[in-house]
Amino acid sequence: MSVQRVGLVVHEGRAAAVTAAEVVRRWCRRQGVGCCAIDVWSQEEQRRDAREEVEAAGDPDLIVTLGGDGTFLRGARLAAQNDALVLGVDLGTLGFLTEVPADDVERALDTVHRGQVGVESRMMLTMRASRPLELPEGMEALLRYGRGPALPPPLVRPECAVAQDWGVALNVTALNDITVEKLARDRQVSLGVYLGGRLLASYSADAVLVATPTGSTAYSFAAGGPVISPAADALVFTPVAPHMTFNRSVVAAPDEAVALRVLERSGRAAVSVDGQLRGVLDPGDWIGVYAAPQRLRVARLTPTDFYGRLRERMRLTDAPAAADAAVTPLWPHTTRAPDDLAHLRLPPLVLDAD
């Protein structure tokens, strides 16, 4: 692709990110490419809906994020609005999403501009709700303590049909997860959880969440959920500290919705999208979480080594009983795969340099 306009999402609290942003701006000036900072705010300002942000930035076709996974998630929220490509520059500490070192940002931009970059497609989530979401009065002031201002409640998608049984379609996408959690510290949230249209169970828990395979290494992982390859499509339902015997995650097919209804005996529940509080539900309210029609397009300079990164970032250690085993870093294949295995996703062929 030939880049026409770049949207910059910068972690302003990291000096290295601010420096790398100047490198991107200089590259854009040399190439005659438009460049605009996007999703910028101060403590005194109200953050904007993703559609408003993208339009104000001139609909960039490439969004460059400079920071860690949190900054990348900000960029993903924006890119989903106009199918922009996302390039994540890695300045974080425990990330799975970003990949380009800050020193390589110019080379990465050149590669994207020449159309020689790989594009990885990631599943995202969206949702409907029994009513539009909103934040109670006074909640905004609470959220501002020690952090930036909250995102506004998601807008209703006007192009989608509204029906009482199906609720209103919200203009929101999640790359990691959508979470319903308790609002008061001294009271768990009570939820009826429906998979594929049928009641799975009623939970009393600190939270329940629905994650994508991308998000399986985030909050869901911390709550004991499974690790799923980001190349897969699935919905992962995970309860957080449930007060019941069944505390396992459930992996649903990508065409199966997960619905969460706040029960009458429950307190109010908070709805968070990729870690950002977007609204509050009362008893009787519900949301339905399902695969979004749009997917995130992520720029990759090299094939994604998800399992190598999993081993590195999670500091996996080998079993003591296997210490003498001859374990090599890669599956040591040195010949091309047979025809019946040619469809498999494997590391590049290892060839003898001699």
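Scroll up to find the structure.
Summarised in this report is the structure supplied together with it. Throughout, a residue's number is its position along its own chain's written sequence, starting from 1. pLDDT decides what is reported in this predicted model: residues at 70 or higher carry local features, side-chain atom pairs at 80 or more are listed and counted, and totals for whole chains, interfaces and linings draw on all residues regardless. The basis for every side-chain value is the complete set of heavy atoms in the structure, and neither hydrogens nor water enter the calculation.

With respect to the overall build of the protein
Item 1. Secondary structure elements are defined from DSSP: runs of H or I of at least 4 residues count as helices, runs of E of at least 2 residues count as strands, and each element is numbered from the N terminus. Secondary structure assignment for the protein yields 7 helices and 19 strands.
Item 2. Every radius of gyration here is taken over C-alpha atoms, with the globule rule written as 2.2 Å times N^0.38, N being the number of residues. In terms of overall dimensions, the protein is globule-like: its C-alpha atoms have a radius of gyration of 22 Å, near the 20 Å expected for 354 residues.
Item 3. A total of 354 residues make up the protein; the buried ones form 45% of that total.
Item 4. Contact between two residues is taken to exist if any of their heavy atoms lie within 4.5 Å; hydrogens are not considered. Put simply, of all contacts in the protein between residues at least 6 apart along the chain, 70% involve residues at least 24 apart.
Item 5. We score Asp and Glu as negative and Lys and Arg as positive, and we do not count His or the chain ends. For this purpose, a charge sits on NZ of Lys, CZ of Arg, CG of Asp or CD of Glu. For the protein, the distance from the average position of its 37 positive side-chain charges to the average position of its 44 negative side-chain charges is 2 Å. Throughout this description, buried means an accessible area under 20% of the type-specific maximum (1.4 Å probe, protein chains only), exposed means over 50%, and partly exposed covers the range between.

A look at the pairing of strand 13 (residues 235-240)
Both faces of the sheet carry side chains from a regular strand, because those side chains alternate between them.
Item 1. Of all 6 residues that make up strand 13, 6 are buried, and the element is covered over most of its length.
Item 2. Judged by which residues are buried, strand 13 turns out to be covered on both faces: L235, F237 and P239 on one side and V236, T238 and V240 on the other are all buried.
Item 3. Whether two strands pair depends on DSSP finding at least two bridges between them. Pairing of strand 12 (residues 207-211) with strand 13, which is carried by 5 bridges, proceeds in the antiparallel orientation. Opposite A211, over in strand 13, you have V236 as the bridge partner.

Here we look at helix 4 (residues 105-113)
Item 1. For helix 4, every residue scored as buried is listed here: V105, A108, L109, T111 and V112. Angular distribution of buried residues about the axis of helix 4 spans 160°; they occupy a single face of the element.
Item 2. As for helix 4, its buried residues are in contact with helix 1 (15-31), strand 3 (62-67), strand 4 (85-90), strand 5 (100-101) and strand 19 (296-300).
Item 3. Backbone geometry just after helix 4 places G115 at a positive phi near 75°. Each C-beta atom gives one direction from the helix axis, and the arc is the one those directions make.

Let's talk about the sheet that holds strand 8 (residues 168-174)
Item 1. In spatial order, the strands read 8-7-18-15-10-11; together these 6 strands make up an open sheet with antiparallel pairing. Bordering the open sheet on either side are strand 8 and strand 11 (198-205), each of which pairs with just one other strand. Between one strand axis and the next, the sheet turns through 25° on average, direction left out of account.
Item 2. Here 4 bridges tie strand 7 (residues 125-129) to strand 8, and the two strands are oriented antiparallel to one another. Each residue of the ladder has a partner; that of M127, found in strand 8, is L170. Whenever a helix is involved, its axis is fitted only over the stretch in contact; in every case the axis is a line through C-alpha atoms, and angles between N-to-C directions fall within 0 to 180 degrees.

Observations regarding the pattern of salt bridges
Item 1. For salt bridges, the criterion is a side-chain nitrogen of Lys or Arg within 4 Å of an Asp or Glu carboxyl oxygen. Tallied over the entire structure, the rule returns 21 salt bridges.
Item 2. Across the pair D39 and R47 runs a salt bridge, and its minimum N-O distance is 3.0 Å.
Item 3. Among the residues examined, D39 registers a relative accessible area of 1% and is labelled buried.
Item 4. When the shortest N-O distance is used, the salt bridge between E53 and R48 registers 3.5 Å.
Item 5. Each of D39, R47, R74 and R77 takes part in one network of salt bridges that share partners.

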